[in-house]
Structures are given as C-alpha cells and as structure tokens.
Amino acid sequence: MATGFRRGRGRQRRLDRLSRTHSLGIAAFVIAATALFGTVGADYLGYTGRALRQRAPWLIVLGVFLTLWEVATAKFAWLPLPFFPPPQAIIEVYTDDLPKLLDSVFASVKLQLGGYIIGATVGFLTGVSIGWSRAVGYWLHPVLRFIGPLPATAWLPIAFFTFPSSWSASTFLIALATGFPVTVLTWSGVASVSGAYYDVARTLGAKPSFLVLKVAIPAALPHVFVGLFMGLGASFALLVIAEMIGVKAGLGWYLQWAQGWAAYANMYAALIVMSLLCSGAITLLFAVRDRLLVWQKGTVKW
Amino acid sequence: MVAALAEVATHHAAGAALDIEQVSHAFDIDGAELPVLSDVSIAVEPGEFVALLGPSGCGKSTLLRLVAGLDKPKAGSLREDEIRIVRPHPSRVVVFQDPTLFPWRTVWDNVALGLEAQGILKSQRQRVDDALDLVGLSSFRNAYPQQLSGGMAQRVALARALVNDPKILVLDEPLGKLDSLTRITMQAELVSLWQRKGFTTLLVTHDAEEALVLANRVIVFSERPARVKADIRVDRPYPRHRGDPYLADLRRQILGLLGLDATW
Ligand SMILES: Nc1ncnc2c1ncn2[C@@H]1O[C@H](COP(=O)(O)OP(=O)(O)OP(=O)(O)O)[C@@H](O)[C@H]1O
Ligand SMILES: [Mg+2]
C-alpha cells in the first residue's frame, strides 16, 4: 500500500516554520502501518479485515493524494502558499483552534436542528392536511403555490429586521427552506395513496382517524422522506448563508471570519468539518428511513 | 388446520339476511353514462352460500361494492337484516379481487387490521394467529407482502377477512390466483368454515365448476348492464363431488347461459 510514500514524511523539514510536521509524519506512519497490517492480516481479522480489503483501492488513492499534496505544498511549494496550505497546517487548526471550531460546530448544529425540526414538523402536518382535507387544500394550496417556490434566501433582509434576533430569523428561514419540499412531497404522497387501501380499511371498520394515521401516513412515508431529504439540502444552504450574513456564530461565520484574516488553513479545516456534518446528517436521515421503510425494496444506499 | 378451524368457529356470528332490491347503478365516463347494473333483485337468506357468475366486466364487482356499502346505488336499495346499507360495516367483510395487502405491514399486522381498526386487538390477538393457521401461513407471519407469492397474498387477504367474524362474507374471485391444488384445498376449507360458522356468503367467480361445488345457489348475470339471467338452486349435500352427473348437468346449463354451448 501507500506505505513507501508516507514513511519519508517525518524527515521533511524544508519548511521548518510549519509546526506539526512531526506529528503529521507520525500520524501518517501509524495509518499506513495499520493499513499494511490490515491488508496483510485481512484473512485473520474477519469482518474488519474484509471491510478494509474492500476499501483498499480507496485507501491507496487517498494516500497518493495526501502525498502529492504534501509534496506540492510543503516540500516544493509549487502551489502558492497562503491559498494552498499543506496538510500539517490544517491539522494545526484542529489542535490549536479547537475551542473556537467546536463552538462553531455547536452553534451550527443547534441552529440547523431547531430550524429543521420545526420546518419538517410543520411541513409534514401541512402536507397531510392538504392531502387529506379538501377545505384545507382550498385555502393553503394557493398560498403554497405563491410563496413556496420563492427561494427562502429572498426573505433574508425582511427576516433580519422583523425578527427580534438574528438567531430566530435564521431559524425561521431554515424552517421555511425545509418546510416547502416537505409539505409538497407529503401532500403528493397522501394524495397518491391508492383508494383501494381506504376501501379495505373502511370495510374492516376503520374510522377516519385510523385512515389518516394508519393508512394515509404510512403509505405516503416514502414520499415524505424524499421531501425531508430535499429539505435538508435546502436548509444547509440557508444555514451557511444566514451564518455568513447575520448570525455571529457557527461554521458559516467561521468560514467568513477565516477569509477575512486570510487564514486559508482554517477555511479548509472548517470546510472539512462542515462536509462531515452535512454528510453525517444525511446518513442519519437515510438510516432512519431504512428503519421505517424496511418493507420497501431497492431503496438507494447512501 | 382443523384445530384452528374449531378455534375460529368458537366466536359465534350467525349469518345475516341480505336483500338486494331493484338495484340499478351506472358510472359516468367522460360525461357519458355507462349503465352497469340494471334492476337487480336478489334475496339472500341468512347463512346461504350464493355464487355470482357472469361475463367479465358485467358489473359483479360493482354489485359487491354496493353490498359492502362503499358506493351508493343510483336506484334501489340494499338491506342487511332489514337495515339499509349506507356505509361499510365490519359485519360485511369483503375480500377484493386484488389482495391489496398493506405493503408496509407484515403478514400478521395485515391480518390484525380489522381488529385493530375496531380497537379490540389487544384482547383478541389469538384470533389473528388462528386465522393465519387457517390459511396455512403461520410461518410467514413476519414476512412483508412483497415477499409473498400471488396465491399466498390472496390467502392472507382471506385470513384478514375471516378474522373479523363477519355475518356476511363477500368474496370477489378470492381463489382466482391459486394453483389448482391449493384452490381445491381452499374450497374445501371455505365450505367447512362456512358450515361451522354459518355466515352468509356471496362469492363472485368465473369458474362454473367452483360455483357448483361451493354454493347453494348460483346466480348468472347477463352482459353489461348486468341483469339476473338465471337463479339456480343447487340441492346437493356437502362435500360435493366434482364428477357428480347432477352438477355436470347444471354446469352445461350454466355455460349455455353464458353463451358457451358451441365450445362445450
Ligand atoms: N370506478 C369506476 N368508474 C367508471 N367505471 C367503472 C368503475 N368501476 C367499474 N367500472 C365499469 O363498470 C363495468 C363493470 O365493472 P366490474 O368491475 O363490476 O366488472 P366485473 O363484473 O367485476 O368484471 P370482472 O369479472 O372482469 O372482474 C366495467 O365496464 C367497468 O369499466
Ligand atoms: Mg370484478
């Protein structure tokens, strides 16, 4: 595996003003050794070994990429330095700027989670009511058509001066961005439930509440999850913009701040964290979906 | 299976009378009226087993929907034990032509649907197990509908109906998708279940032989719009034999009514 490339790193001291080079070298060595040990001993490691072996091509590519990056920045400085920091500079951010980064992560997660949960809940309830009740549909459908397609970002200026705090304004906007796709897809899900299911339930003595809770909603759930997924994407975009513009906390704000100080390593570090968080959120959503929709076959694996 | 039959049969629900009086029905298709039932009158006695035969598309399923209370007739009336049918009630359970199991529920939960909807599942879970035993699908209780074959799905749909102890059991070609062997077994099960429990049965079928093996009475419909073309009593004791010359004679007569004398 990529061991050969990596071993030399500990000795690269050309750019000796970069700290953490030593720790990067040790880390790379440990990872490479684990990979080597894992690859050779895969047969004795059971499940872990098999998983490792399956990912071996990716590990190699990753190793090569890191090495090229290291060589291109730290060793030969082919890439202009402030914009393209070497890997050790990013590690340095994670160790030295950890408290601030953690604060930002915490603020982002809090804002995102609050807005998303409110938006998803309201969207789901609205979608079910529109899909179920003709009267509710009559009143809400035009509103939805008029306001829904408007990008939630268009509300930014209004929201920031009408709401008491930038935090509540952002929560509202994230909820709005989430709510629209969730509403539309829940509604279309409920509306597309086959009448035969209702017939069966009614002949078996089901009351209207049973029809909504035990027939319409479970049948619409696959659509609801598509809406939740789309809402998640829309709300991430809004979160970052809101943090950059109004909220003085969170990863979006951290990015902005890092750019202001030309701290590019901090930017990359924050980007990586953000990507992990967003990907993690989607993984979580898909895990919930897979649990609730085990009866469906051929669902997309995330 | 026999033990299970005895179990289910302990919940007594005798059959109800069903009066279909001068019922006519029509659908609107693109503004044009499509007459489907024309002045249909059938008086079904409590505990009777009535088979409905007729050409495809003549309106049999439509009549069953009216009996279930899912639709209202354009003219005429339907009554269960002298009470007008205006909405569905679990005393009249329908096994639809399509099994329409709920794909998000396991087999057991599908069968439990009626008891759950009526809010009595907690105290009556045993009935679900018995009904599953009855159709021979106990080992599939945790399977999802898409893991079943077409015939198994129909058996689940049958169990889902039987678990409710209906007074009138309405069956729309429930054995249509079964292989001939399972079909014969299920026919025998159906007869013995009906004899034990005494519910009134209304069975739509395409198969004249099936109608004659199972029913007290066979009603033959005309082409759409359906009218009652013949009302034939089948006075033969159960279990009936397929080779019975009396039944063979009736069968010829019925196929003649359905316009098949040339090929027969
Ligand atoms: N909901 C509906 N809207 C309009 N037309 C309908 C509807 N349901 C049934 N029909 C029409 O009514 C006629 C009778 O349908 P029905 O399903 O009762 O036939 P059937 O006797 O059960 O036929 P098969 O034996 O093939 O099941 C058909 O011509 C069909 O097109
Ligand atoms: Mg039919």
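Summarised in this report is the structure supplied together with it. The model shown is predicted, which means the values in this text are computed figures rather than measured ones. (Residues numbered from 1 in each chain as written. Chains lettered and ligands numbered in written order. Predicted model: local features only at pLDDT ≥ 70, side-chain atom pairs only at ≥ 80, totals over all residues. Heavy atoms only, no water.)

1. Observations concerning the sheet that holds strand β7 (residues 168–172) of chain B
Working definition: the strands of a sheet are paired by backbone hydrogen bonds and lie parallel or antiparallel to each other.
All names here are of chain B.
Link 1 in the chain: Spatially, β6-β7-β8-β3-β9-β10 is the arrangement adopted by the six strands of the open sheet, whose pairing is mixed. What marks the edges here is a single partner per strand, and that holds for β6 (92–95) and β10 (228–233). Put simply, the sheet's adjacent strands are angled 15° from each other on average, direction ignored.
Link 2 in the chain: Note that strand β3 (residues 49–53) and strand β9 (residues 217–221) share four bridges and pair parallel. Looking at β9, one finds that Leu-52 is bridged to Ile-219. (Pairing = 2+ DSSP bridges. Helix = DSSP H or I, 4+ residues; strand = E, 2+ residues; numbered from the N terminus. Axes fitted to C-alpha atoms, helices over the stretch in contact; angles between N-to-C directions.)

2. Observations regarding the site of ligand 1
Residues and elements named next belong to chain B.
Link 1 in the chain: Inspection of the region around ligand 1 gives 15 residues, with Ser-56, Lys-60, Ser-61, Thr-62 and Arg-224 positioned closest.
Link 2 in the chain: The side chain of Ser-56 places a nitrogen or oxygen atom 2.7 Å from an oxygen atom of ligand 1.
Link 3 in the chain: In the model, an oxygen atom of ligand 1 is placed 2.9 Å from a nitrogen or oxygen of the Gly-59 main chain.
Link 4 in the chain: Starting from 630 Å² of accessible surface for ligand 1 in isolation, the protein chains cover 66%.
Link 5 in the chain: Within the residue set of the shell around ligand 1, elements represented by two or more residues are β1 (18–29), β2 (32–44) and α2 (60–68).
Link 6 in the chain: The dominant element in the shell around ligand 1, judged by the number of residues it contributes, is α2, at three residues.
Link 7 in the chain: Here the shell around ligand 1 is composed, by residue class, of five nonpolar, seven polar and three charged. (Near = heavy atom within 4 Å. Polar contact = N/O pair within 3.5 Å; in protein donor to acceptor, adjacent residues only side chain to side chain. Areas by Shrake-Rupley, 256 points an atom, 1.4 Å probe, with all protein chains shown as cover. Nonpolar A, V, L, I, M, F, W, Y, C, P; charged D, E, K, R; others polar.)

3. Re the interface of chain B and chain A
Link 1 in the chain: In this complex, chain B contributes 26 residues to the contact, which on the side of chain A involves 20 residues.
Link 2 in the chain: For the pair chain B and chain A, the two sides together bury roughly 2,000 Å², of which 67% comes from carbon and sulfur.
Link 3 in the chain: Contact with chain A buries surface across chain B, with Trp104(B), Ala117(B) and Gln146(B) losing the most and accounting together for 32% of the total.
Link 4 in the chain: At the junction of chain B and chain A, the tally comes to two salt bridges.
Link 5 in the chain: Two residues, Glu116(B) and Lys214(A), come together in a salt bridge whose shortest N-O distance is 2.6 Å.
Link 6 in the chain: Taken together, the links from chain B to chain A amount to four residue pairs in polar contact (both at pLDDT 80 or more).
Link 7 in the chain: If you list the elements that add at least two residues to the side of chain B that touches chain A, you get α2, β6 and α4 (113–117) of chain B.
Link 8 in the chain: Here the side of chain B that touches chain A takes four residues from α4(B), the largest share from any one element.
Link 9 in the chain: Tallied by class, residues from the side of chain B that touches chain A come to 14 nonpolar, seven polar and five charged. (Contact = heavy atoms within 4.5 Å. Buried area = accessible area lost by both parts, 1.4 Å probe. Salt bridge = Lys/Arg side-chain N within 4 Å of Asp/Glu carboxyl O.)

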